[in-house]
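Take a look at the letters that make up each chain.
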Amino acid sequence: MNKVRLGLIGLGNIGQHHFGYLTAGKVSRAELVAVSDAVASKLERYKPLKTFTDAEELIRSGLVDAVIIATPHYQHTSLGITALQHGLHVMVEKPISAHKADAERLIAAHKKNPKVVFAGMFQLRTEQRYVRIRKLIQSGELGEVVRMSWIMTDWFRTEAYYASGGWRATWKGEGGGVLLNQCLHNLDAMQWLLGMPARVRGFCQLGRFHNIEVEDNVSAYLEYPNRATGTFVSSTGEAPGTNRFEIVGTRGKLLLEADQISFTRNDADMIEFSRTARLGFAKPEVWQVHIPFEHVPNTHAILMQNFVNAILDGEPLIAPGEEGIHSVELANVILYSSLIGQTVELPMDSSAYEQKLNELIAASRTQKKVVEVVGEDFTKSFRR
């Protein structure tokens, strides 16, 4: 094989974005040959590509070597498993599944056919600001991490947004709200940089700012295995909103805000300085460092190129699909902790959360009137 034949499943907002850069030739050695969407009226504009209203028919068609799954959340697991079982390489949009138990099922299906490539679309891992921060942490420049705080309320959404799809912001159609939809990339970046916490206490408000049944306002407290602490705050109802990510280590403090990284670097490790200082109010001297980084255009295309290279050349994946379970678990555990009013130890019991989610689905009485939104550029929400 010298070229990967791609099938795109799902032609909503993100599916159309994938279609755009793939047909513009932004990914080498890949050809989009087929698309699928359950709404037949959408498909005419995608011809002469082969079109399908049944995603599984596309998977079984023999026309493609790999698929991009860009459907509503609950379909990610079932379609991913079907594609893996048919020997196709799979790129799954976030989240890889709506809940941890389904993510475990999808990962188990890949383990049965490990020769195929399974990747997740977590493009923040290609954003140079997060790459630079990760290098600083892993190199030891920041020392041991002792605290982090991410206020990520720059996800403002209107009632029109939630009315634009019958699946949006429902337990049955989406499985959650701001945590599972908007925040998945932040949660992936957070665990990619800092690892998974040991325990979580979440406080979630359901329909605080919108006429929806799922969470749209969230605060969470996290504790890590090394006793570091963290807070994560997010909302889709706060304007103008904030995006402020602070990581404190024993050698200084990193701050990502307003598209800039600043590093206040201690001249000495703060713990060692405290132990050896002879004055009670002394502090380590600091250096103020600006960390430059370049903006990378079309991070989705970079991750897709990596996916194609992994298929053709064996290149290591930037975002292996199996790692997608971590952001799903974080989204689930923050909500689950809030629902039961308790701190939850990680790894969380996936079956307990699945049962709670099924209870929410069974109790739902939401009736949505769908109002289509057209002509809006949603890509401006990517860089978070």
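See above for the structure.
Rules of the game
Residues numbered from 1 in each chain as written. Predicted model: local features only at pLDDT ≥ 70, side-chain atom pairs only at ≥ 80, totals over all residues. Heavy atoms only, no water. Pairing = 2+ DSSP bridges. Helix = DSSP H or I, 4+ residues; strand = E, 2+ residues; numbered from the N terminus. Axes fitted to C-alpha atoms, helices over the stretch in contact; angles between N-to-C directions. Phe/Tyr/Trp six-rings, centres within 6.5 Å; stacked < 30°, edge-to-face > 60°. Buried < 20%, exposed > 50% of the residue type's maximum accessible area, 1.4 Å probe, protein only. Contact = heavy atoms within 4.5 Å. Expected span 1.5 Å × (residues − 1).

Participant: Whenever I open this one, the sheet that holds strand S4 (residues 66–69) confuses me. Can you help?
Facilitator: Strand-to-strand pairing in sheets goes through backbone hydrogen bonds, with the strands running parallel or antiparallel. Pairing within the open sheet is parallel, and its 6 strands lie in the order S3-S2-S1-S4-S5-S6. The two strands at the open ends of the sheet, each matched to only one other strand, are strand S3 (50–52) and strand S6 (118–120). Geometrically, the sheet is characterised by an average inter-axis angle of 25° between neighbouring strands, direction not taken into account. Where strand S1 (residues 4–9) and S4 come together, 4 bridges link them in parallel fashion. The residue of S4 that forms the bridge with Ile9 is Ile69.

Participant: Would you mind showing me how to read the packing of aromatic side chains here?
Facilitator: Centre distance and the angle of the planes are the two values used to describe a pair of aromatic rings. Throughout the structure, instances matching the rule amount to 6 aromatic pairs. Between Tyr161 and Tyr162, the aromatic rings sit 5.0 Å apart at their centres with planes inclined by 80°, giving edge-to-face as the arrangement. The same class applies to Tyr161 as to Tyr162, namely buried. Pairing Tyr336 with Tyr353 gives two aromatic rings, centres 5.9 Å apart and planes at 90°, and the pair type is edge-to-face. Residue Tyr336 is found in helix H10 (residues 324–340), and its partner Tyr353 is found in helix H11 (residues 350–363); the two are separated by 17 residues along the sequence. One exposure class covers both Tyr336 and Tyr353, and it is buried. Through a chain of ring-to-ring contacts, three or more aromatic side chains come together here, namely Tyr130, Trp150, Phe232 and Phe245.

Participant: Explain unusual backbone geometry to me, please; I cannot follow it from the model alone.
Facilitator: In most cases, non-glycine residues show a negative phi, while peptide bonds are predominantly trans. Residue Pro48 is reached from Lys47 by a cis peptide bond, and omega for that bond is 20°. Mapped onto the fold, Pro48 is located in the loop between strand S2 (30–36) and S3. The omega torsion across Lys94 and Pro95 is -15°, close enough to zero to call that bond cis. A positive phi angle, close to 60°, is found at Arg29, a residue other than glycine. Looking at the element boundaries, Arg29 is found in the loop between helix H1 (13–23) and S2. For Arg29, a relative accessible area of 34% corresponds to the partly exposed category. A positive phi angle, near 60°, is found at Asp259, a position not held by glycine.

Participant: Teacher, can you tell me more about the sheet that holds strand S7 (residues 145–152) here?
Facilitator: Across the sheet, which stays open at both edges, the 9 strands sit in the order S14-S13-S12-S11-S7-S10-S9-S8-S15 with mixed pairing between neighbours. A strand with exactly one partner marks an edge of an open sheet, and here the two such strands are strand S14 (286–291) and strand S15 (344–345). Where helix H5 (residues 128–138) meets the sheet, its contacts fall on S7, strand S11 (243–249), strand S12 (252–257), strand S13 (260–266) and S14, and the angle it forms with S12 comes to roughly 170°. Sitting on the sheet, helix H7 (residues 184–194) is in contact with S7, strand S9 (215–223), strand S10 (229–235) and S11, with an inclination near 170° to S7.

Participant: Can you walk me through helix H4 (residues 100–111) in this structure?
Facilitator: Because each turn of an α-helix spans 3.6 residues, side chains separated by three or four positions end up pointing in the same direction. For H4, which comprises 12 residues, the first-to-last C-alpha distance of 16 Å matches the rise-based estimate of 16 Å (1.5 Å per residue) to within 8%. Along H4, the residues that are buried comprise Lys100, Ala101, Asp102, Ala103, Leu106, Ile107, Ala109 and His110. Looking at the buried positions of H4, the neighbouring elements they touch are helix H3 (74–85), S6, H10 and H11.

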